[in-house]
Amino acid sequence: MVDQKWLETYQSEIREFSDKIASFAQGGIDQKAYKGYSGGMGSYAQRDQSKHMLRLRLPGGRLTLERLKFLAETVENWGVDRLKLTTCETIQLHDLAPEQVPAIMEAAVSAGIYTKGGGGDNPRNVISSPLSGVQIGEAFDVNPWAEAVTAYLLSICREIHMPRKLKIAFSNGADDSVHSAFRDMGFQANPDGTFSVRIAGGLGAARPSMGVLVEESADPKDILCYVKAMVDTFCQHGNYENRAKARTRYMQDSLGPDGLKDAYLANFAAAKSAGGLELDLKPAAVEKAPDGSISHKRAIPQKQAGLYAVSYHPIGGGLPVSKPAELYGVLKDMPLTECRVTPDETLYIINLTGREAEKVLAVTGDGAETVFEHSVACIGATVCQQGVRDSQELLQAAVSAVREAGIPDGALPRICISGCPSSCAAHQAGEIGFQGGVKLSDGKPQPAFRMFLGGSNTAFGEPAGVILEKDIPALLIELGRAASAEGWSSWSASHQTELNGIISKYA
């Protein structure tokens with residue numbers, strides 16, 4: 001993915017980072033200055049500043065067997081006690097000591113993992129449809145382009161200075177679980193082999209925006225030109241003065257959607273004219289003989305006849321630290337298998353025969369069992385410096401309450417809980433979403449969450465009120481009981497007055 005010169009520079013940056021994190025631990029660098037540096041290397045100090053997070057960049061969420069083995073060995077060798085699947089298809093290692101972070105960065109190189117640009121004002125992990133290449137109904141496998149864009153962005157990341165981060169997503173056209181419609185840049189595969197391209201979308205407490213459609217039939221060979229045009233447009237027209245308005249979506253205001261499209265297409269034409277960025281990619285075929293068949297709610301038939309993907313969703317995205325070793329022990333002798341991290345904090349294990357799927361199902365039976373238990377939550381305020389509320393604690397309390405109340409599967413949707421306005425759990429895109437905050441109760445500020453309703457992969461939810469944190473499990477139980485006969489989708493669509501009435505009792 002990267003050349004030797006780039007790698008040598010990266011390794012020198014790791015050595016420099018080692019000095020920085022040691023200085024921060026000893027009080028020689030303040031929190032703000034350290035954060036500005038560490039984010040670019042994919043690491044942040046946690047709320048307890050003696051502990052650190054490291055984010056592993058996984059293009060397309062691909063946790064290959066080589067990477068899975070590295071993760072298992074890292075857990076064992078360094079005593080890692082917290083792993084988190086993220087909505088940007090990465091894996092975060094938490095509660096690390098200062099000396100562990102650069103050592104793990106260095107070791108990750110051997111598995112083709114580079115943490116460079118994992119945070120800060122950088123191009124972030126390029127994500128793609130998690131079942132790309134194996135999903136029934138997809139236009140085509142988009143992973144080769146996600147990998148190529150990752151390599152390109154890493155090659156230029158030291159040369160560019162963007163106002164804020166840049167998030168890019170590739171959808172295979174079967175669904176838009178990666179939210180390509182409202183990323184900083186989104187590519188959606190078309191059945192004719194081209195891509196539609198949207199730019200300057202995004203979530204956030206202020207101005208959530210759908211992306212501007214700038215091309216309906218992009219030639220796949222020109223994808224790097226489209227990416228360069230986005231970087232150039234952001235650098236030229238992004239807001240360097242006001243950090244709160246420095247995301248790409250604000251260019252829709254400063255330039256207007258048509259002006260933004262014109263500026264972008266001019267940069268695309270310049271990039272294409274300059275040359276040197278053409279791609280010639282072809283997805284690799286999956287050739288594996290079937291062996292047995294299986295019928296299980298977590299076993300998903302692939303487009304390759306007789307092969308399956310198994311889904312595993314640890315509640316809240318908290319991957320048990322024993323799981324990488326367990327999975328590697330099972331998968332290492334299964335050809336072509338790999339894991340994929342999804343935008344809803346699920347792990348897919350793909351390219352399994354029926355007999356192999358049975359073995360994987362056996363070691364992944366400790367995850368979510370219902371739609372509701374597949375809910376998404378960010379790491380929360382007990383760990384994250386930016387956090388306001390403990391989203392993980394709320395989700396665990398809600399899951400326990402719903403289980404105890406006997407709410408049937410399907411009566412509640414998957415919910416999305418962000419512990420602050422940063423939208424790390426994409427709460428505005430959830431059928432039910434919660435955003436951490438406060439609410440005055442009896443004249444005192446109390447832990448609370450703003451509720452959103454009706455979000456999806458292609459639409460934003462609408463605010464529905466602010467609910468005290470302690471009341472949310474009871475609210476969900478009441479909603480689940482009301483919807484239990486029809487199921488959430490049908491009931492919420494046809495009983496709007498009853499739905500609003502229940503919410504109003506808590507809001």
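The structure displayed is predicted, hence computed values, not measured ones.

*Asks:* How should the nonpolar core be read in this particular structure?
*Replies:* Among soluble globular proteins, nonpolar side chains are generally buried collectively. Grouped together as the largest cluster of nonpolar side chains are 51 residues, with contacts concentrated most on Tyr10, Leu93 and Leu331. By residue number, the principal contributor to this core is helix α1 (residues 4–25), which donates 7 residues. Other than its neighbours up to four places away in sequence, Leu331 contacts Leu65, Leu68, Thr337, Cys339, Ile349, Leu352 and Val360. In this structure, Tyr152, Leu260, Ala271 and Leu277 belong to the second largest nonpolar core, which totals 40 residues.

*Asks:* Help me understand helix α3 (residues 65–78), please; the structure alone is not making it clear to me.
*Replies:* In an α-helix there are 3.6 residues to a turn, and that puts residues three or four apart on one side. The end-to-end C-alpha distance of α3, which contains 14 residues, comes to 20 Å, matching closely the 20 Å that a straight helix rising 1.5 Å per residue would cover. Burial in α3 covers these residues: Arg67, Leu68, Phe70, Leu71, Ala72, Thr74 and Val75. The positive-phi residue at the C-terminal boundary of α3 is Gly79, with phi of around 65°.

*Asks:* I tried to follow the sheet that holds strand β19 (residues 444–453) on my own but got confused; where do I start?
*Replies:* Paired through backbone hydrogen bonds, the strands of a sheet run either parallel or antiparallel to each other. Read across the open sheet, the 5 strands follow the order β16-β17-β18-β19-β20; overall the sheet is mixed. Here the strands that pair on one side only, and so sit at the sheet edges, are β16 (376–377) and β20 (462–468). The pairing of β19 with β20 spans 6 bridges and is antiparallel. Bridge pairing links Phe452 to Pro463 in β20.

*Asks:* I'm lost on the sheet that holds strand β14 (residues 338–341) in this one. Help?
*Replies:* Spatial ordering of the open sheet is given by β3-β14-β15-β12-β11, a layout of 5 strands whose pairing is antiparallel. Looking at which strands have only one partner, the edges of the open sheet turn out to be β3 (62–63) and β11 (299–301). Relative to strand β15 (residues 347–352), strand β12 (residues 308–312) is paired through 4 bridges, and the arrangement is antiparallel. Within the sheet, the bridge partner assigned to Ser311 lies in β15 and is Tyr348. Here helix α10 (residues 354–363) sits on the sheet and contacts β12 and β15; the angle it forms with β15, its principal contact strand, is near 155°.

*Asks:* What's the story with the pairing of β19 in this structure? I'm lost.
*Replies:* Side-chain direction in a regular strand flips from residue to residue, so the side chains alternate between the two faces of the sheet. The pairing of strand β18 (residues 432–441) with β19 spans 10 bridges and is classified as antiparallel. Among the inter-strand pairings, Ser441 is bridged to a residue of β19, identified as Lys444. Hairpin connection from β18 to β19: 2 residues lie between these consecutive antiparallel strands, with Asp442 at a positive phi of about 55°.

*Asks:* Help me understand empty space enclosed by the protein in this model?
*Replies:* Gaps left between atoms show up when a probe the size of a water molecule is rolled over them. Enumeration over the complete set of coordinates arrives at 1 cavity of 30 Å³ or more. Here the largest cavity is characterised by a volume of approximately 40 Å³. Around the largest cavity sit Arg57, Lys116, Gly117, Asn122, Pro123, Leu153, Leu154 and Cys157, which together line it. Classifying every residue of the lining of the largest cavity by side-chain character gives 4 nonpolar, 2 polar and 2 charged.

*Asks:* Just checking my understanding: could you explain the layout of surface pockets for this structure?
*Replies:* As a volume, the second largest pocket reaches approximately 720 Å³. What lines the second largest pocket is a set of 33 residues, and nearest its centre among them are Asp344, Thr346, Tyr348, His374 and Arg414. In terms of residue class, the lining of the second largest pocket is made up of 12 nonpolar, 13 polar and 8 charged.

*Asks:* What's the story with the packing of aromatic side chains in this structure? I'm lost.
*Replies:* Note on aromatic pairs: each is described by the distance of the centres and the angle between the planes. Within the structure shown, the criterion is met by 16 aromatic pairs. Here the aromatic rings of Phe170 and Phe187 are separated by 4.6 Å at their centres, their planes lie at 10°, and the arrangement is stacked. Of this pair, Phe170 sits in strand β7 (residues 168–171) while Phe187 sits in strand β8 (residues 185–189), and the two are 17 residues apart along the sequence. Neither Phe170 nor Phe187 differs from the other in exposure class; each is buried. Across the ring face of Tyr37, the terminal group of Lys20 is positioned such that the distance to the ring centre comes to 5.1 Å.

*Asks:* Explain the pairing of β14 here, please?
*Replies:* What you see with β14 is no split at all: Glu338 and Arg340 on one side and Cys339 and Val341 on the other are buried throughout. Note that β3 and β14 share 2 bridges and pair antiparallel. Considered in β14, the bridge of Arg62 is made with Arg340. For β14 and β15, the ladder comprises 4 bridges, and the chain directions are antiparallel.

*Asks:* What am I meant to see in the packing of α1 against helix α2 (residues 31–38) here?
*Replies:* Packed helices, taken two at a time, are described by the angle between their axes plus the distance between the axes. At a closest axis distance of 11 Å, the pairing of α1 and α2 adopts a crossing angle of 160°. In terms of orientation, α1 lies roughly antiparallel with respect to α2. The two elements α1 and α2 cross, and the hand of that crossing is left-handed. Residues Glu13, Glu16, Phe17, Lys20, Ile21 and Phe24 of α1 pack against Gln31, Tyr34, Tyr37 and Ser38 of α2. Split by residue class, the contact of α1 with α2 holds 5 nonpolar, 2 polar and 3 charged.

*Asks:* How should I be thinking about the environment of Leu213 in this particular structure?
*Replies:* Relative to the helices and strands, Leu213 is located in strand β10 (residues 212–218). Leu213 gets classed as partly exposed once you look at its relative accessible area, which sits at 30%. When the C-alpha atoms of Leu213 and Arg340 are compared, they prove to be 28 Å apart, with 127 residues separating the residues in sequence. Filtering out sequence-adjacent residues up to four positions away, Leu213 remains in contact with Ser196, Val197, Arg198 and Lys261.

*Asks:* Teacher, can you tell me more about the pattern of salt bridges here?
*Replies:* If charged atoms from side chains of opposite charge come close, those side chains can pair. Considering all chains together, one arrives at 24 salt bridges under this definition. For Asp291, the salt bridge identified is with Arg355, shortest N-O distance 3.0 Å. Note that Asp291 is positioned in the loop between α8 (257–274) and β11 and Arg355 in helix α10, a separation of 64 residues in sequence. One salt bridge in this structure joins Asp366 and Lys323, with 3.1 Å as the shortest N-O distance. Of this pair, Asp366 sits in the loop between α10 and β16 while Lys323 sits in helix α9 (residues 323–331), placing them 43 residues apart in sequence. With a relative accessible area of 44%, Asp366 lands in the partly exposed category. Given the relative accessible area of 3%, Lys323 is considered buried. One salt-bridge network, held together by shared partners, links Arg62, Glu147, Glu338 and Arg340.

The rules behind the values
- Residues numbered from 1 in each chain as written.
- Predicted model: local features only at pLDDT ≥ 70, side-chain atom pairs only at ≥ 80, totals over all residues.
- Heavy atoms only, no water.
- Core = buried A, V, L, I, M, F, W, Y, C linked by side-chain atoms within 4.5 Å.
- Buried < 20%, exposed > 50% of the residue type's maximum accessible area, 1.4 Å probe, protein only.
- Helix = DSSP H or I, 4+ residues; strand = E, 2+ residues; numbered from the N terminus.
- Contact = heavy atoms within 4.5 Å.
- Expected span 1.5 Å × (residues − 1).
- Pairing = 2+ DSSP bridges.
- Axes fitted to C-alpha atoms, helices over the stretch in contact; angles between N-to-C directions.
- 1 Å grid on protein atoms, 1.4 Å probe; cavity = no way out; pocket = protein on both sides within 12 Å on 5 of 7 lines; lining within 4 Å.
- Points joined across faces, edges and corners; volume = space filled by probe spheres on them.
- Nonpolar A, V, L, I, M, F, W, Y, C, P; charged D, E, K, R; others polar.
- Phe/Tyr/Trp six-rings, centres within 6.5 Å; stacked < 30°, edge-to-face > 60°.
- Lys NZ or Arg CZ within 6 Å of the ring centre and 35° of its normal.
- Parallel < 35°, antiparallel > 145°, perpendicular 65-115°, else oblique.
- Left-handed = near helix turned anticlockwise from the far one by under 90°.
- Salt bridge = Lys/Arg side-chain N within 4 Å of Asp/Glu carboxyl O.

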